[in-house]
Structure formats: C-alpha cells, structure tokens
Amino acid sequence: MDMKAAPKHKMGLKERYAAMTRGLDWETSYQPMDKVYPFDKYEGIVIHDWDKWQDPFRLTMDAYWKYQAEKERKLYAIIDAYAQNNGHLNVTDARYINTVKLFLQGVTPLEYMAHRGFAHVGRALRGPGPRIACQMQALDELRHAQTQVHAMSNYNRYYNGLHDWRHMYERVWYLSVPKSFFEDAVSAGPFEFLVAVGFSFEYVLTNLLFVPFVSGAAYNGDMNTMTFGFSAQSDEARHMTLGLECIKFLLEQDPANVPIVQRWLDKWCWRGVRLLSLVAMMMDYMLPKRVMSWKEAWEMYFEEAGGALFKDLARYGIREPKCMQQVRLEKDHLSHQVWTTFYNYGAAAAFHTWIPDADEMDWLSQKYPESFDKYYRPRMEYWREQAALGNRYYNKTLPMLCQTCQIPMLFTEPGDPTKICYRETSYLGDKFHFCSDHCKEIFEYEPEKYIQAWLPVHQIYQGNCFEPGTDPTAPGFDPLAAVLQHYHLNFGRDNLDFEGSEDQRNFAAWKGAVTRNQVG
Amino acid sequence: MSNVFLILQANEDARPIVEAVMADNPHARVSESPAMVKIDAEGHLTVRRDSISERIGHAFDLQELHLNLISLSGHIDETDDEFTLSWNS
C-alpha cells in the first residue's frame, strides 16, 4: 500500500475566494428570510442571484488582515518619526495647517459615519458576498477615522482649532454640510447607501480629495497627512472597485433596477459635487504650494475618469449624471466663490482665512484665465486694501442656506457668475430655498425627508445654539459670541485672519528656534 | 477607447512595480507628482507577477499591490499571475 500523502493542491485566487466567501450563509427556517432581512426589498431593487456578486480583488478575510496589518505598521512608523522629528515645523508655512483643521473637523467624522453605514448595510443584505465586502469596508472606515485622529493629534499639541472637532462636527454651521450629506446616505435604504457612498462618492469623487490633495500635502512637507491619506486611499482603491462591482451587479440583476440606480446616480453625484466644494477651496487657496489647480484635478479625475466610466456603463442604459452640464460651467468659479465666502465669515470659522499674496494671485490668473482676473481678483485686491486701512470686515449676520446641501447661497447662476442662484418651492404651506435646480429636484422627490433637515441658521434663530442659561434678551447680548461659545470655538484664537494669529506667531518663533541656540 | 489608470506611491516598493508595468505595457505613460506615480494607458493595463519577481529577485504576491496602491480606474480581472485593468468601450 502506498502511504505517501497526495501532494497538497494549492488553491488559486479565484477558488480561494469562492471557498471563503460562499456557502457561509443559510436559509432561515424558524423565521421567514424577509423578516430576518427586512430592508433589502423596499427600495424596489430586484435581486435574482446574490452569488453573481464578485469582489474583483478576491480579497479573503485572512489576506485582508495580513495586508491591513502591514499598512498599519508602515503608517505608524512614519507618524511616530514625524512627531519625534518635529515634522510640523517642516511644512511650507503655518497657513497650510488650516487644511489639516478642516480635514479633521469635516472629513474624519465622515470616515466614522461610513464605518457605521457599512456595518449597518452589511447586516441588511442577505447575500454573503456583499456582506463580506461591507464588513471589510466598515473596518477600513473605522481604521481611517482612528489613524486620522492619531496622526492629526500631533498638530493639536501646537496649533489652534483642532481641540474639539467631534463637538464642532455636531454643531458648527459649515460642518453641517458634510454631516447632513452622510446622514442623508445612512438614513436611505441599503442599496441607495451603496450607490451613494460605495459608487458615487468612492468611485467618482474621493480621488479628488485623496489623490491630488494628499499629493499636495506631501508637496507642502506634511508627511503626516501624506501617509494617512495614501494609507486610507489604498483601501479606497478597493472600495472604488467594489462600488463599480455593486453598480454592475444591480444593473445586471434586473432591468427594473436601471431607472432606480440612474436616479440615485443623479442625486448622489450632485450631492458629492456640492460637498467637494470644500476641497476645491483647500486645493486652490489653502495649500501654500500648489500641485495642480482644482480645475485641472477636476478635469483629470471627474471629467476624464468619470467620463470613461459612464461611457462604459452606457451598455446598461445608464447615462451621465444630470449635473454634468452645470458642473462644467462651475469649475472656473467654485473654489473662488467658496473661499471668498469663508473670508467673509472668517469670524465664525474654526480655521484662519487670508487673501492670497501677489504670486498666488498670479498663479490663480494663470490657472483660471476665464474667470479669476475678471470676477475675483478685483474683489480680493479691494478687501486686501481695506484690511490694510484697518477696515477688515467680518460678516456677523447669518446667510440663507440651501435646504438640501445646507451650503449658504453663494453659488451663481449657471452661465452668469455675477448673479446668485436662488430656487424655491413650497411644501405643506412652507417655503423652502435651494442653491440650484439639482438640490431643488432632490428635495421635491422626497420632501418628507428634507423638511426635517437641521439647518444651523434656523437653529441659531430658534435659540437652540446657545449654552444653557444664556439670556438673548440681556442688554448688549452678542449672538455671535454666544454661538461660538456653544461651538467651543475660542474667539481670537481659532478664527479670524491668519495674519496676526497665534498660530502665525508661534510657528515663526519655533521655526526661529530650530536654527538658533537659546541663551539664558 | 478610454484610458485606465493605476496610481502607486512613489517609494522603493513601488519602483520595480512601475518598471515592470512599463516594460509589459509599451502603450502606457508615466507621470510623476509629489509622492505618487500615475500610469495611464489606453484601453487596458496589465501587471504581471513574474515581471515584478524578476526585478525584485524574490517571489511577489500580486495582492501585495494593495500596500502601495493609491488609486485605479477600470474593471479589474485578477488571477494569481496577472492583474488587469480595462474598459469595454
């Protein structure tokens, strides 16, 4: 008898994936499946065969842990080295750190929300393939939130505005933009969430934040943001692939899914475009050394890459998102309009603002030949002149907000950059306001949802944004000061112009200390 | 035909990967930005395990790409030996 063991058969990647992601589930018998998975049918999406879902990377849980652990080791080695070596003093200038503040206040909490969203959606889908994909993505998003908090905590030791980001995220006016975006997504059904976050946001839009902006962070000497940004983006590349897979899966399962998916694409591409207006301003105004303009990044990652994607999806009967025409018109104006709004409301923001210097304005002219010199340079030069005369004006009144995206009404009419775009509609006797036709259309499809929006300006006027015991009728009451107190925003330290700020003074003093010995 | 792209970190791990990809895909173009390398190619782009192993002098698992990957576009087909990005149109 031949006792020699048969040579072990080593499974290939595709077999390994099938073995570790299939046959893990079972049909329930005590309770009907529809009661165990109550959310995966009501949106109208029809699924015939869950096993048609394939992760193109074929990542199994064991490989996932192995590579994620390796990423973490690299990440923390760099973060530690950066902190030990006083890396923060190597950034181009301290204005740069304001991008880090905005990232921590507005992006990191979204990572955590994405973690919660994918954990929830994973539970809601009855197919094992997408459940495993959602489980990995939920873990990734939690890792992003944690590594970002760890990495940026180093800046909190030295600079203002980073001390209470979680508290601010729940309250501060401009942070209601990212917050309401994600709350809209997590309160939708599981398939809409996947299309919103997995596809529209991850595939079509996150490249703009995590690729050119993070490359810009590296260019400005911020090894910290470069490493957490690219480490997160290595997971995002996987998420993008899953987002695309999710779309193909839905479109191939049943023709009835096509119009539903198309409506979600129209909605969420527009919601994402509005959200990214913050990134537009970070790239064109807040990076002291620029890698590329927002417009160039937009053309590369949205128009070219997104265009290729939608051309490919045309075979399913999917067309480009409806907003394409409007976003083409806006790309010459977006970053300038958003930055000037923050300059205007600089007293109420938890980061510093400034007017670009002469070189920076020339760069903007060169990158935006159609718009900068004509519409924006004259205003900025006027404001700089006024500030030099001691007339720096901070707007302390409250703007009207769009009911859907919650951004102040700052965007102009498509095709006319001299006229603010206002839209309105009525519902149950109340009037609602919008920044655009697209935001109005989103509202009109689900008014019951959007009338519940927590709009910071309305809340302030209703007296819900003051600390307990505040008396708005007291003589000399300063509403802005009371609201900032409620935000935990320190007036004169976290807000106002960069010029004259504590950050500016400290950075200059510490930089000086790097090359001189202290005596005495 | 649309372009696909692959973006990797600009570091020592990724350098031989970029070299291998460029040798295997003569139609691809490389562009460098701070801290990253972007490879664009019309229609399709293939990463071959053997080409990378030859350059680094030891075995390479294509899933190690995840460690230095920043972004990509196109449909993915991955086996033990090859990783391909492509568009159908």
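Everything numeric in this text was worked out from a predicted model, so none of it was measured.

Moving on, we get to the overall build of chain B. If you tally the helices and strands in chain B, you get three helices and seven strands. Helices and strands in chain B line up, N terminus first, as β-α-β-β-β-α-α-β-β-β. Once the C-alpha set of chain B is aligned to its principal axes, its extents read approximately 35 × 30 × 20 Å. If you take every contact in chain B between residues at least 6 apart in sequence, the share linking residues at least 24 apart comes to 61%.

As a further point, take the overall build of chain A. Within chain A, the secondary structure is distributed over 22 helices and four strands. Against the globule reference of 24 Å for 520 residues, chain A gives a C-alpha radius of gyration of 25 Å, in line with a compact fold. By principal-axis analysis of the C-alpha atoms, chain A measures approximately 95 × 70 × 50 Å. Out of the 520 residues in chain A, the part that is buried amounts to 47%. Pairs at least 24 apart in sequence give 77% of the contacts found in chain A among residues at least 6 apart.

Turning our attention to the sheet that holds strand β4 (residues 44-48) of chain B. Residues and elements named next belong to chain B. One open sheet holds the three strands; their spatial order is β4-β7-β6, and the pairing between them is antiparallel. In this open sheet, the two edge strands, each paired with only one partner strand, are β4 and β6 (75-78). Neighbouring strand axes in the sheet, compared pairwise and without regard to direction, differ in orientation by 15° on average. In this structure, β4 lies alongside strand β7 (residues 82-86), joined through five bridges in antiparallel fashion. Across the sheet, the residue bridging to Val47 is Phe83, located in β7.

Burial analysis of helix α12 (residues 277-286) of chain A places ten of its ten residues in the buried class, the great majority of the element. Those residues of α12(A) hidden inside the fold are in contact with α4 (97-106), α9 (190-219), α11 (257-275), α13 (294-313), α15 (334-344) and α16 (358-367) of chain A.

Right, let's get into the pairing of strand β1 (residues 3-9) of chain B. Residue and element names in this part refer to chain B. For β1, the buried fraction is high: seven of the seven residues fall into the buried class. Here β1 shows two buried faces, one formed by Asn3, Phe5, Ile7 and Gln9 and the other by Val4, Leu6 and Leu8. The pairing of β1 with strand β3 (residues 36-42) spans seven bridges and is classified as antiparallel. Each residue of the ladder has a partner; that of Leu8, found in β3, is Val37. As paired strands, β1 and strand β5 (residues 69-72) are joined by three bridges and run antiparallel to one another. Bridging across to β5, Ile7 finds its partner in Ser71.

All names here are of chain B. In spatial order, the strands read β2-β3-β1-β5; together these four strands make up an open sheet with antiparallel pairing. One side of each edge strand has no neighbouring strand; the edge strands of this open sheet are β2 (29-33) and β5. Each strand axis lies, on average, 20° off the axis of its neighbour in the sheet, ignoring direction.

The subject of this paragraph is the packing of α4(A) against helix α6 (residues 128-156) of chain A. Residues and elements named next belong to chain A. The contact between α4 and α6 brings their axes to 11 Å, and the two run at 140°. The angle between α4 and α6 places the two elements in the oblique class. Note on packing geometry: the crossing formed by α4 with α6 is left-handed. Contacts between α4 and α6 involve Ile97, Val100 and Leu104 on the former and, on the latter, Gln148, Met152 and Tyr155. Per-class residue counts for the contact of α4 with α6 are five nonpolar, one polar and no charged.

Contacts between the two partners involve 30 residues from chain A and, on the opposite side, 24 residues from chain B. Sorting the residues of the side of chain A that touches chain B by element identifies α1 (13-21), α3 (61-84), α9, α10 (223-253) and α13 of chain A as the ones contributing at least two each.

On to the environment of A:Gly87. All names here are of chain A. Within the secondary structure, Gly87 is located in the loop between α3 and α4. On a C-alpha basis, the gap between Gly87 and Asn154 in space is 9.5 Å, while along the polypeptide they are 67 residues apart. Sequence-distant contacts of Gly87, defined by excluding residues within four places in its chain, comprise Tyr82, Met223 and Asn224.

Next up on the list: the pairing of strand β4 (residues 430-434) of chain A. Of the strand pairs in this sheet, strand β3 (residues 423-427) of chain A and β4(A) are connected by five bridges, and their pairing is antiparallel. For A:Ser426, the partnering residue across the bridge sits in β4(A) and is A:Lys431.

A word on the packing of α6(A) against α10(A). Residue and element names in this part refer to chain A. Look at α6 against α10: their axes get within 10 Å of each other, and the N-to-C directions meet at 170°. Taken together, the axis directions place α6 and α10 in an arrangement best described as roughly antiparallel. Here Ala133, Gln137, Asp140, His144, Thr147, Gln148, Ala151 and Asn154 of α6 lie close against α10, whose contacting residues are Asn224, Phe228, Ser231, Ala232, Asp235, His239 and Leu242. The residue inventory of the contact of α6 with α10, partitioned by class, reads five nonpolar, eight polar and two charged.

Here chain B averages 95 in pLDDT, while 100% of its residues score no lower than 70. If you check the scores for this complex, the pTM reads 0.94 and the ipTM reads 0.92.

So, how was this worked out
- Residues numbered from 1 in each chain as written.
- Chains lettered and ligands numbered in written order.
- Predicted model: local features only at pLDDT ≥ 70, side-chain atom pairs only at ≥ 80, totals over all residues.
- Helix = DSSP H or I, 4+ residues; strand = E, 2+ residues; numbered from the N terminus.
- Contact = placed C-beta atoms within 7 Å.
- Rg over C-alpha atoms; globule rule 2.2 N^0.38 Å.
- Buried ≥ 20, exposed ≤ 12 C-beta atoms within 10 Å, placed from the backbone.
- Pairing = 2+ DSSP bridges.
- Axes fitted to C-alpha atoms, helices over the stretch in contact; angles between N-to-C directions.
- Parallel < 35°, antiparallel > 145°, perpendicular 65-115°, else oblique.
- Left-handed = near helix turned anticlockwise from the far one by under 90°.
- Nonpolar A, V, L, I, M, F, W, Y, C, P; charged D, E, K, R; others polar.
- pLDDT = per-residue confidence, 0-100.

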